[in-house]
Amino acid sequence: MTEIRTVGVIGAGTMGNGIAHVFARSGFPVFLYEVQQAALDRGLETMRKNLAREVAKGKLSAEEQDAALARITGTLDRTQLAACDLAVEAATERFEVKAALFAELDRTLPQEAILASNTSSISITRLAAQTKRPDRVIGMHFFNPVPVMTLVEVIRGLQTSQATFDAVHGVALALGKSPVEVHDAAGFVSNRVLMPMINEAIFAVMEGVATAEAVDQVFKLGMAHPMGPLTLADFIGLDVCLDIMRVLQEGIGDPKYRPCPLLVRMVDAGWLGRKSGRGFYTYS
């Protein structure tokens, strides 16, 4: 079984910097790869702030914070990933982007290394087919915010070996996470159930059944959800929600996964939720 000592994280955005944070905090040397210096700098700064917040809350000592930061190497040079036993891809939720990355990672990393995707909906089997090591490709779907949320969906592709699954399951436990085994299908478990719920909530608003505030109140007060589905959609990003609905529609082929026209219009308008300042709610 592959011993995972050094980890590469591809993408320093919200998910990527969170994944790098938890690996570094748990003692793993991490190479955080980005294509642009500005994006890399933002990711590294977010990690510094989040680690400092953990110190302020008494969850980490100042020494542990410094040690975690010292384990992280930010890089624009993809060849540095050749030192890694595990690469976790956290790029845009588009198949063509991830497919190109997996083909490149397959050429860059040693043959025994494991390639994982943090995809929330895209087929691991299809990504594995872009490589010459489909038995060593797996899904490792973290949840936002990564340092806080304990769930990791560990997703087997059709050709994922038991040794690969065991290594990734073990490393998730080493991060203090709770890994759950899932088989490859569009949306896996989390988004196959969550996204149609969000999509249906958007239909309720579009059809005038209730306001966004009222829909969210029903879920918070009636189902004890910590936030309503439309607040959650704004937090995830409406563009990401739309991408996932389209993956579900294409992958499963059932018209019930048709994205709500209001969701499509809001994304077309650039109303992407919290990150753009406007979605179902307005953010300062």
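Sequence order as written defines residue numbering, which begins from 1 separately in each chain. Note on the predicted model: pLDDT of at least 70 is required for a residue's local features to be given, and 80 or more for side-chain atom pairs to be given and counted; whole-chain, interface and lining totals, by contrast, use all residues. No hydrogens and no water enter the side-chain calculation; it runs on all heavy atoms of the structure.

Caption draft 1: Representation of the overall build of the protein chain. Working definition: helices are DSSP H or I runs of at least four residues, strands are E runs of at least two. Numbering for both runs from the N terminus. Looking only at helices and strands, one finds eleven helices and eight strands in the protein chain. Every radius of gyration here is taken over C-alpha atoms, with the globule rule written as 2.2 Å times N^0.38, N being the number of residues. For 284 residues, the compact-globule formula gives about 19 Å, and the C-alpha radius of gyration of the protein chain, at 19 Å, lands near that figure. Its C-alpha atoms put the protein chain at 55 × 45 × 35 Å along the principal axes. Accessible area is worked out with a 1.4 Å probe on protein chains only. A residue is then buried under 20% of its type maximum, exposed over 50%, and partly exposed in between. With 284 residues in all, the protein chain has 50% of them scored as buried. For the protein chain, the share of sequence-separated contacts (at least 6 apart) that also reach a separation of at least 24 residues comes to 68%. Only the protein chains shown count as covering a residue, and every accessible area follows the Shrake-Rupley method with a 1.4 Å probe. Counting only carbon and sulfur atoms, one obtains 54% of the accessible surface of the protein chain, whose full area is about 12900 Å². When charges are counted, Lys and Arg are positive and Asp and Glu negative, with His and the chain ends excluded. Working definition for charges: the position is that of NZ of Lys, CZ of Arg, CG of Asp or CD of Glu. Once the 28 positive and 31 negative side-chain charges of the protein chain are each reduced to a mean point, those two points are 2 Å apart. Note on definitions: a residue-residue contact is assigned when non-hydrogen atoms from the two residues lie within 4.5 Å.

Caption draft 2: Fine view of the sheet that holds strand 2 (residues 30-33). Judged by pairing direction, the sheet is mixed, and its eight strands sit side by side in the order 3-2-1-4-5-6-7-8 without closing on themselves. Each edge of the open sheet is held by one strand with a lone partner, namely strand 3 (72-75) and strand 8 (178-183). Sheet twist, expressed as the average angle between the axes of neighbouring strands with direction ignored, equals 25°. Bridging between strand 1 (residues 7-10) and strand 2 involves four bridges; their strand directions are parallel. Two strands qualify as a pair provided DSSP detects at least 2 bridges between them. What counts as an axis is a line fitted to C-alpha atoms, over the stretch in contact for a helix, and the angles between N-to-C directions run from 0 to 180 degrees.

Caption draft 3: Looking closely at the domain arrangement of the protein chain. Domain start and stop points were drawn from an automatic or database domain assignment. Looking at the protein chain, the domain boundaries give domain 1 (7-183) and domain 2 (191-274). When each unit is reduced to the centre of its C-alpha atoms, the spacing between domain 1 and domain 2 is 27 Å. Buried area, as used here, totals the accessible surface that two parts lose on assembly, with accessibility defined by a 1.4 Å probe and the loss added over both. Across the domain 1/domain 2 interface, buried area totals approximately 590 Å², and carbon plus sulfur atoms make up 49% of it. Among the ionic pairs, R94 bridges to D243, the shortest N-O distance being 3.2 Å. Pairs of N or O atoms within 3.5 Å make up the polar contacts considered here, provided that, within protein, one atom can donate a hydrogen while the other can accept it, and that residues adjacent in sequence are counted only when both atoms are side-chain atoms. Between the two partners, domain 1 and domain 2, sit two residue pairs in polar contact (both at pLDDT 80 or more). Each residue is assigned to one class: nonpolar for Ala, Val, Leu, Ile, Met, Phe, Trp, Tyr, Cys and Pro, charged for Asp, Glu, Lys and Arg, and polar for all the others, Gly among them. Counted by class, the side of domain 1 that touches domain 2 contains two nonpolar, four polar and three charged residues. Salt bridges, as used here, are contacts in which a Lys or Arg side-chain nitrogen is within 4 Å of a carboxyl oxygen on Asp or Glu.

Caption draft 4: Local environment of the packing of aromatic side chains. Any Phe, Tyr or Trp ring, taking Trp's six-membered ring, that has another such ring centre within 6.5 Å forms a pair; planes under 30 degrees apart are called stacked, those over 60 apart edge-to-face, and the others tilted. Across all of its chains, the model carries one aromatic pair by this definition. When the centroid spacing of 5.5 Å and the interplanar angle of 85° are considered together, the rings of F23 and F28 count as edge-to-face. Looking at F23, the relative accessible area reads 0%, which means it is buried. On the basis of relative accessibility, which here comes to 11%, the residue F28 falls in the buried class. Cation placement over rings: the criterion is NZ of Lys or CZ of Arg within 6 Å of the ring centroid and within 35° of the ring normal. A cation over an aromatic ring shows up here: R278 above the ring of W271, its NZ or CZ 3.6 Å from the ring centre.

Caption draft 5: Layout of the packing of helix 1 (residues 14-25) against helix 2 (residues 37-56). At their nearest, the axes of helix 1 and helix 2 sit 9 Å apart, and the two run at 50° to each other. Classed by the angle they form, the pair helix 1 and helix 2 counts as oblique. In this structure, helix 1 crosses over helix 2, and the sense of that crossing is right-handed. For the pair helix 1 and helix 2, contact is made by N17, A20, H21 and R25 and by G43, T46, M47, N50, L51 and E54, respectively. Note on terminology: angles under 35 degrees are roughly parallel, angles over 145 are roughly antiparallel, angles of 65 to 115 are roughly perpendicular, and the others are oblique. Two helices crossing with the near one rotated counterclockwise from the far one by less than a right angle form a left-handed crossing, whereas a clockwise rotation gives a right-handed crossing.

Caption draft 6: Representation of the nonpolar core within the structure. By size, the foremost hydrophobic cluster in this structure holds 48 residues, and its most contacted members are L81, L109, I202, L230 and F280. Taken together, the elements giving at least two residues each to this core come down to strand 2, helix 4 (95-108), helix 5 (124-128), helix 7 (190-206), helix 8 (212-222), helix 9 (229-236), helix 10 (238-252) and helix 11 (261-268). Each of domain 1 (7-183) and domain 2 (191-274) gives at least three residues to this core. If sequence neighbours within four positions are ignored, L230 has contacts with I198, A201, I202, V205, A212, V215, D216, F280 and Y281. What makes a nonpolar core is a set of buried Ala, Val, Leu, Ile, Met, Phe, Trp, Tyr and Cys residues whose side-chain atoms join them at distances within 4.5 Å.

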